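As a plain string of letters, each chain reads:
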Amino acid sequence: MIKCLVTGFCSGPSHSVFPRTFGIGISLTVNPNDRSPIAPSLSILTPLSGDAEEVCLATGFFPKDGQMQLTLRDATNVSLHTKKAVMSFSAKSYYFAGFSSKSIQSCSMNGITVEKKYDEPVETLPATVETIASSCTVETIADEIEYADFIMKINFSSILVNGLRVVFAKAVAFNVLLTVKVLVF
């Protein structure tokens, strides 16, 4: 049976599945005083295909607390709090990703705004034998064959040396056994 003595403090038998707790827990955040704010670097990432969510990625900013504003294509604004940003200990700055299932038009944070860039697709020409052959030379193919021969010789030498080591180790072990046999018997 669990007894609640004070709001937030409950006690029960020691084998209870409810641990003894007091309050809602403590959260500790340490911010250095001598650190000046760092503006974020913003990027809008879109999926290559499919119906995946779009992302506004804020990197390298300090302090952690802030607001990210997403302007969607239908002119609605979404405000996201960056309290769950992740800190990079090596860079001593924070990273945050704001997700949206709708298309993001722009993203802003701490006075920095980035607009989505729409790039026109580039037509690629099919590669022909002539264009591929013009980029290859006989010297590069000969160099590759010479390099492959060099690697093959190194591999062979390595296998040969390891085989000789095994034979030598067996010979030493056999000689030690014969010596022990002669001395003991």
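Some remarks on the confidence of the model for the chain
Part 1: Across the chain, pLDDT averages 78, with 71% of residues at or above 70.
Part 2: Within the model, the stretch residues 1–12 combines pLDDT values under 50 with 22 contacts to residues more than four positions away or in other chains.

Quick look at the pairing of strand β6 (residues 67–72)
Part 1: Side chains Met68, Leu70 and Leu72 project from β6 onto a buried face, and the interleaved Gln67, Gln69 and Thr71 project onto a face without burial.
Part 2: Note: β6 against strand β7 (residues 77–81), five bridges, orientation antiparallel. Bridging across to β7, Leu70 finds its partner in Val78.
Part 3: Between the end of β6 and the start of β7, which pair antiparallel, lie four residues, with Ala75 showing a positive phi angle near 70°.
Part 4: As judged from the five bridges shared by β6 and strand β10 (residues 104–109), these two strands associate in the antiparallel manner. The residue of β10 that forms the bridge with Gln69 is Ser108.

Considering the pattern of salt bridges
Part 1: A complete count under the given rule lists two salt bridges for this structure.
Part 2: Close ionic contact of Glu54 with Lys116 constitutes a salt bridge, the shortest N to O distance being 2.9 Å. Of this pair, Glu54 sits in strand β5 (residues 54–61) while Lys116 sits in the loop between β11 (112–115) and α1 (129–135), and the two are 62 residues apart along the sequence.
Part 3: We classify Glu54 as buried; its relative accessible area is 11%.

With respect to the packing of aromatic side chains
Part 1: The tally for this structure, following the rule as stated, stands at two aromatic pairs.
Part 2: Look at Phe61 and Tyr94: their rings are 6.2 Å apart centre to centre, the planes differ by 40°, and that puts the pair in the tilted class. Here Phe61 is found in strand β5, whereas its partner Tyr94 is found in strand β9 (residues 93–100), with 33 residues between them in sequence. For the pair formed by Phe61 and Tyr94, the shared burial category is buried.
Part 3: Ring centres of Phe62 and Tyr94 lie 6.1 Å apart, and the angle between their planes is 15°; this geometry places the pair in the stacked category. With Phe62 in the loop between β5 and β6 and Tyr94 in strand β9, this residue pair connects regions lying 32 residues apart in the sequence.

As for the sheet that holds β9
Part 1: Sheet architecture is open: four strands sit in the order β4-β5-β9-β8, paired in antiparallel fashion. Sheet topology places β4 (41–45) and β8 (86–88) at the edges, where each strand pairs with a single neighbour. If you compare each strand with its neighbour and ignore which way they point, the axes differ by 20° on average.
Part 2: Of the strand pairs in this sheet, β8 and β9 are connected by three bridges, and their pairing is antiparallel. Of the residues in β9, the one forming a bridge with Met87 is Tyr94.

Definitions and limits used
- Residues numbered from 1 in each chain as written.
- Predicted model: local features only at pLDDT ≥ 70, side-chain atom pairs only at ≥ 80, totals over all residues.
- Heavy atoms only, no water.
- pLDDT = per-residue confidence, 0-100.
- Contact = heavy atoms within 4.5 Å.
- Buried < 20%, exposed > 50% of the residue type's maximum accessible area, 1.4 Å probe, protein only.
- Helix = DSSP H or I, 4+ residues; strand = E, 2+ residues; numbered from the N terminus.
- Pairing = 2+ DSSP bridges.
- Salt bridge = Lys/Arg side-chain N within 4 Å of Asp/Glu carboxyl O.
- Phe/Tyr/Trp six-rings, centres within 6.5 Å; stacked < 30°, edge-to-face > 60°.
- Axes fitted to C-alpha atoms, helices over the stretch in contact; angles between N-to-C directions.

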